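Observations on the model geometry
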Amino acid sequence: DQQVKQNSPSLSVQEGRISILNCDYTNSMFDYFLWYKKYPAEGPTFLISISSIKDKNEDGRFTVFLNKSAKHLSLHIVPSQPGDSAVYFCAAYNTDKLIFGTGTRLQVFP
Amino acid sequence: NAGVTQTPKFRVLKTGQSMTLLCAQDMNHEYMYWYRQDPGMGLRLIHYSVGEGTTAKGEVPDGYNVSRLKKQNFLLGLESAAPSQTSVYFCASRGSANTEAFFGQGTRLTVV
């Protein structure tokens, strides 16, 4: 049973435009959400997070939105750059467990 | 600053062999995690630990054992490797609750 779902395996966006990556979750006990970025042959690196008591968190070009009633979060990247091409994972804490989604591969083309 | 270090980086095992993957962190973190990454499956939690001497099962614990004898180390053991355990394994650690976890560089394991 996948508790954190990323239904889009891939996304292709032109440089300079907005990238929107989506994530849905099923467990209402999740209270903290994170986005990670992963390049090939490297470990995931933390990007941005949001607490369940907020609905938006912004850090430079990256903004995460949380809609608790819909159990949905999204990551917006504006403007998208070629260096943003990577696999993006959303993740959530359920007490001590950190549960990840299946990932979305983002490709930013010139 | 080493952060989270995994040993080894690559390994090929024959079916039935055993091995131990080592994860070491130098950040004095309480929480440590082991994941496996497979195509189309994302990162799946194998086992985790909330402090020295504690371990708990994650989403896919079967076929693996873990130990946390020292706070800085989290060991993942495969007693009898199977081809289904071919994967990339990642270790992570975090400090307090609701903070980001830091990952190691991964161990690519092939079981033939």
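Scroll up to find the structure this text is about.
A few points on the structure. Here the structure is a predicted model, which means the values were calculated and not measured. (Residues numbered from 1 in each chain as written. Chains lettered and ligands numbered in written order. Predicted model: local features only at pLDDT ≥ 70, side-chain atom pairs only at ≥ 80, totals over all residues. Heavy atoms only, no water.)

**Re the packing of aromatic side chains**
Applying the stated criterion across every chain yields a total of 14 aromatic pairs over all chains. Members of the aromatic cluster, connected to one another through ring pairs, are Tyr 36, Phe 46, Phe 89 and Phe 100 of chain A together with Tyr 33, Tyr 35, Tyr 48 and Phe 103 of chain B. Between the NZ or CZ atom of Arg 94 of chain B and the centre of the ring of Tyr 31 of chain B, over which it lies, the distance is 3.7 Å. (Phe/Tyr/Trp six-rings, centres within 6.5 Å; stacked < 30°, edge-to-face > 60°. Lys NZ or Arg CZ within 6 Å of the ring centre and 35° of its normal.)

**Considerations on the interface of chain B and chain A**
Taken together, the contacts link 22 residues of chain B with 20 residues of chain A. Across the interface of chain B and chain A, roughly 1,700 Å² is buried in total on both sides, 58% from carbon and sulfur atoms. On inspection of chain B and its partner chain A, the count reaches zero salt bridges. Among the elements of the structure, β4 (31-38), β5 (42-49) and β9 (87-94) of chain B are those that each provide at least two residues to the side of chain B that touches chain A. Of the residues belonging to the side of chain B that touches chain A, the class tally is 11 nonpolar, seven polar and four charged. (Contact = heavy atoms within 4.5 Å. Buried area = accessible area lost by both parts, 1.4 Å probe. Salt bridge = Lys/Arg side-chain N within 4 Å of Asp/Glu carboxyl O. Helix = DSSP H or I, 4+ residues; strand = E, 2+ residues; numbered from the N terminus. Nonpolar A, V, L, I, M, F, W, Y, C, P; charged D, E, K, R; others polar.)

**Points about the environment of Glu 79 of chain B**
Residues and elements named next belong to chain B. Among the structural elements, Glu 79 can be located in the loop between β8 (73-78) and β9. Measuring from C-alpha to C-alpha, the distance between Glu 79 and Gln 37 comes to 20 Å, with 42 residues separating the pair along the chain. Dropping the residues within four chain positions of it, Glu 79 is found in contact with Gly 16, Gln 17, Ser 18, Gly 63 and Asn 65.

By themselves these figures say nothing about function.
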